[in-house]
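Structural overview for review
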Amino acid sequence: MSDEAVLGKGMRKEYGELVAVDDLDLRVQKGLLYGLIGPNGSGKTTTIKMLVGLLSFSRGEAFLLGEKVPVREKKKLIGYMPQEMATYTDITVHENLELFAQLYSMDEASFSRRERELLSMIDLADRKHSVVSQLSGGMKHRTSLACTLIHDPELLFLDEPTVGVDPELRVGFWKYFAELKSRGKTVMLTTHYMDEAVRCDVVGMMRSGRLIAEGPPKTLMQETGTNDLESAFLEFSRRDAI
Amino acid sequence: MKVQRVLAIARKNLRSLRHDRRTIAFIVMVPLLMISLFGYTFGGEVRDVSVYIVNMDQAPANQSIAASIIADLQSRNTLDVKQLFGPETATSASVALAREKVLDADIWAAIVFDENFTQTTLEALDALRGGSHVTPAVLQVLIDGTNPNIAEAVITEVQTSVQKVLVLPPNLLVPPIVMSPQLEYGEDARFIDFFAPGVMGLAAMMVTFMLSILSFVHERGASTLDRLLATPVTEGEIIAGYALAFGVVGLAQSVVILTAAVLLFDIQIAGSALLVLLLIFLLGVGNQGLGFLLSSVAKNEFQAVQLIPLILFPSILLAGVFWPLEAVPSFLQPVSYALPLTYAVEGCRSVMIRGWGPGDVMLQLVVLLAFAAVMLLLSTYGLKRRR
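Here the residue numbers are simple positions, counted from 1 along each chain's written sequence. For this description, chains carry letters from A and ligands carry numbers from 1, given in the order in which they are written. The model is predicted, so local features are restricted to residues of pLDDT at least 70 and side-chain atom pairs to those at 80 or more, both for listing and for counting; the totals for chains, interfaces and linings are taken over all residues. Hydrogens and water molecules were not included; the side-chain quantities draw on all heavy atoms of the structure.

Moving on, we get to the packing of aromatic side chains. Pairing of aromatic side chains here covers Phe, Tyr and the six-membered ring of Trp, requires ring centres within 6.5 Å, and sorts the geometry by plane angle: under 30 degrees stacked, over 60 edge-to-face, intermediate tilted. Evaluated as defined, the whole model comprises eleven aromatic pairs over all chains. Here the aromatic rings of F322(B) and W323(B) are separated by 5.9 Å at their centres, their planes lie at 70°, and the arrangement is edge-to-face. Per-residue accessibility, obtained with a 1.4 Å probe over protein chains only, is compared with the maximum for each type, and a residue is labelled buried under 20%, exposed over 50%, and partly exposed between these values. Take F322(B): its relative accessible area is 27%, and that puts it in the partly exposed class. The class of W323(B) is partly exposed, set by a relative accessible area of 24%. Taken together, the ring pairs connect F173(A), W174(A), Y176(A) and F177(A) into an aromatic cluster. The residue whose ring lies beneath R354(B) is W356(B), and the NZ or CZ to ring-centre distance is 5.0 Å. The criterion for a charge sitting over a ring is simple: Lys NZ or Arg CZ within 6 Å of the ring centre, and within 35 degrees of the ring normal.

Next comes the structure, spelled out in structure tokens:
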């Protein structure tokens with residue numbers, strides 16, 4: 001068994017003339033918190049969507065937990081949280097969780113246990129029966145995360161999980177991500193808030209559909225002689241442009 | 001109120017439209033479609049109603065009043081005489097055959113002239129002139145009364161011909177020829193009995209189509225569809241789940257309409273209500289698929305809403321909901337026969353008024369089943385196709 005959770009080889013996505021992802025090679029070790037960072041339009045979301053099987057490849061291939069994308073066998077082990085809140089707002093938190101649990105064929109007992117666990121983790125136990133549209137923005141975000149985690153996946157793809165999230169909740173979210181990692185899960189997330197990506201084990205910097213730098217945040221900052229990832233990114237961009 | 005600010009708001013809205021070519025196309029096309037469809041179908045009169053004529057009148061051909069009436073009927077296009085049995089061939093077996101055809105709904109009516117038609121008519125005319133007792137000739141018309149519009153058109157047409165041939169003054173107290181219409185179906189059918197099945201089909205179609213197109217546009221916009229597709233659920237399962245839910249919604253609505261129609265208007269359900277609901281369910285499932293397919297054309301809810309009349313108006317006007325298909329202009333009739341609603345309405349009407357069973361509405365069942373199956377398959381394929 002390979003120790004890579006995600007392995008992308010020459011991943012490419014073209015929309016006519018536009019190249020959204022440009023021959024990208026990716027390698028994410030199991031059990032790591034990997035951050036794909038870069039400005040809007042750099043190809044982060046497209047990359048994630050290709051990996052979870054929502055977009056076709058123009059060229060190249062990728063493997064998740066050893067299975068070629070689009071995965072079938074390993075689908076149960078994967079969790080995906082889209083960029084938007086992506087919950088059914090006209091039903092309750094519980095009903096949303098139950099839907100996804102059933103799609104993952106969870107049995108009643110493990111669903112109830114897992115739901116209790118998750119709702120207490122995201123602090124929504126008392127809003128279990130609230131219709132999602134009546135919740136605050138932060139609560140909706142937490143519901144969305146809970147839907148992704150309901151089946152206790154091994155490998156998580158979180159697309160811009162902290163966009164539109166207030167600072168307090170953002171701290172909470174990073175705490176959840178660290179907790180997931182401590183339980184041996186692999187988390188691959190995207191963000192354009194570069195400062196918060198220091199909390200990742202490994203960061204991949206994307207620009208124009210390509211990785212321009214990759215490594216632990218500290219190393220990347222050292223290499224560029226900068227104190228924060230944003231400055232490091234700008235320096236790598238400058239070098240890339242030459 | 002400041003004009004400048006009003007203009008700023010108006011300008012913003014028009015500018016948004018400028019970038020949405022599809023909406024501009026809709027703004028032009030939908031009213032064009034509406035005015036042409038309404039114009040052609042409202043102005044349309046019932047035409048080409050298929051009938052059999054059984055002429056047993058034994059009078060010599062050049063004196064036969066029956067022959068003159070038939071010639072007059074054939075000179076206009078309200079009736080389409082599918083078969084004419086002349087005096088040489090017409091027997092009571094021909095009458096039985098014609099009646100059979102009416103019962104099978106192959107033709108709308110059979111017009112029967114008896115052996116002594118001309119003679120009785122002439123005697124009645126003489127008696128009329130002489131002021132003595134008049135025994136009128138009887139013109140028998142067997143009609144499928146399922147559609148009151150058509151039944152009325154047939155009777156009016158025959159009356160017009162009689163009037164013309166005999167050159168009768170109007171409002172005669174005792175006419176020399178009386179019509180004896182015999183309704184084979186829908187004896188007590190009123191207009192409500194005719195259009196209740198139509199309204200039911202139309203309502204089920206509308207609700208399933210609109211729910212589907214709006215739900216899927218929303219699912220795509222809110223990325224919940226992406227989320228679903230990332231789980232082990234298959235595309236076929238998503239479509240089947242939707243079809244089941246919206247089919248049931250269409251069904252529930254039909255139960256409400258049916259119950260209300262029975263309780264409030266005492267409409268006829270001569271056949272099985274379950275068969276009616278099955279027809280409606282199939283229609284609902286198919287329209288859910290159609291809604292899904294069109295949701296991929298619409299980029300947002302705004303565009304989706306504009307697609308609705310595009311599907312709705314042809315259905316209201318051309319599927320025989322309020323007007324019989326015989327009133328649809330012939331160049332639009334192929335569209336009528338391509339609309340699944342036409343089959344659902346015809347099927348429900350046959351079950352409710354004619355009291356037909358599954359074997360009799362097999363064509364409608366098969367067409368609706370095929371519609372549902374094709375729509376589900378195309379939707380599943382559409383969902384499988386990754387961008």
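What follows picks up the thread again.
Before going further, it helps to spend a moment on a nonpolar patch on the surface. Taken together, the side chains of I24(B), I27(B), V28(B), L32(B) and I35(B) present a nonpolar region at the surface, about 460 Å² in accessible area. Its relative accessible area of 59% is what places I35(B) among the exposed residues. Excluding any residue in a salt bridge, patches collect residues exceeding 30% relative accessible area, merging like charges within 9 Å and nonpolar Val, Leu, Ile, Met, Phe, Trp and Tyr side chains within 5 Å. The method behind every accessible area is Shrake-Rupley, applied with a 1.4 Å probe, and residues are considered shielded solely by the protein chains displayed. Salt bridges, as used here, are contacts in which a Lys or Arg side-chain nitrogen is within 4 Å of a carboxyl oxygen on Asp or Glu.

A general feature of soluble globular proteins is that nonpolar side chains tend to end up buried together. Formed by 86 residues in total, the largest nonpolar core has its most connected members in V6(A), L51(A), L64(A), F157(A), F177(A), M188(A) and M205(A). Looking at which element gives the most residues to this core, the answer is helix α5 (residues 167-182) of chain A, with six residues. With near-sequence residues (within four places) excluded, F157(A) lies in contact with V6(A), I48(A), L51(A), V52(A), L64(A), I78(A), G79(A), Y80(A), M81(A) and M188(A). What we call a nonpolar core is a set of buried Ala, Val, Leu, Ile, Met, Phe, Trp, Tyr and Cys residues that are connected through their side-chain atoms within 4.5 Å. Listed in part, the 52 residues of the second largest apolar core include M205(B), L341(B), V345(B) and W356(B). Going along the chain from the N terminus, every DSSP run of H or I of four or more residues is numbered as a helix, and every run of E of two or more is numbered as a strand. Any pair of residues with heavy atoms lying within 4.5 Å of one another is described as a contacting pair.

It is worth spelling out the sheet that holds strand β9 (residues 202-207) of chain A at this point. All names here are of chain A. Any two strands with at least two DSSP-identified bridges between them are counted as paired. The sheet built from six strands is open, its strands ordered β6-β7-β8-β3-β9-β10 with mixed pairing. Two strands in the sheet have a free side with no partner beyond their single neighbour: β6 (78-81) and β10 (210-215). Shown here is a sheet whose adjacent strand axes are inclined to one another by a mean of 15°, direction ignored. The strands that helix α6 (residues 217-224) touches are β9 and β10; relative to β10, the one it contacts most, it runs at about 105°. The convention used is that axes are lines fitted to C-alpha atoms, helices contributing only their stretch in contact, and that angles between N-to-C directions extend from 0 to 180 degrees. Relative to the sheet, helix α7 (residues 229-241) contacts β3 (33-37), β9 and β10, its axis offset from that of β9 by approximately 45°.

All right, on to the pattern of salt bridges then. Residue and element names in this part refer to chain A. Taken as a whole, this structure holds 30 salt bridges over all chains when the rule is applied. One salt bridge connects E196 with R170, and the closest N-O pair in it is separated by 3.7 Å. Of this pair, E196 sits in the loop between β8 (186-191) and β9 while R170 is found in helix α5, placing the two residues 26 residues apart along the sequence. A salt bridge links D240 to R210, with the shortest nitrogen-to-oxygen separation between them at 2.9 Å. Here the residue D240 occupies a position in helix α7, and R210 occupies one in strand β10, the gap between them amounting to 30 residues. According to the relative accessible area criterion, D240 is partly exposed, its value standing at 25%. For R210, a relative accessible area of 31% corresponds to the partly exposed category. Three or more residues are tied together by salt bridges with common partners; here these are R114, E117, D152, E154, R183 and K185.

On to the sheet that holds strand β4 (residues 137-144) of chain B. Residues and elements named next belong to chain B. On the basis of which strands lie adjacent, the open sheet formed by five strands has the order β2-β1-β3-β4-β5 and mixed pairing. Strands at the two margins of the open sheet, each flanked by one partner only, are β2 (79-85) and β5 (177-185). Ignoring which end each strand starts from, the neighbouring axes of this sheet average 20° apart. Bridge count between β4 and β5: eight bridges; the pairing is parallel. Across the sheet, residue Q140 finds its bridge partner in β5, namely S180. Those strands touched by helix α3 (residues 65-75) are β1 (49-55), β2, β3 (109-113) and β5, and its axis lies near 165° from that of β1.

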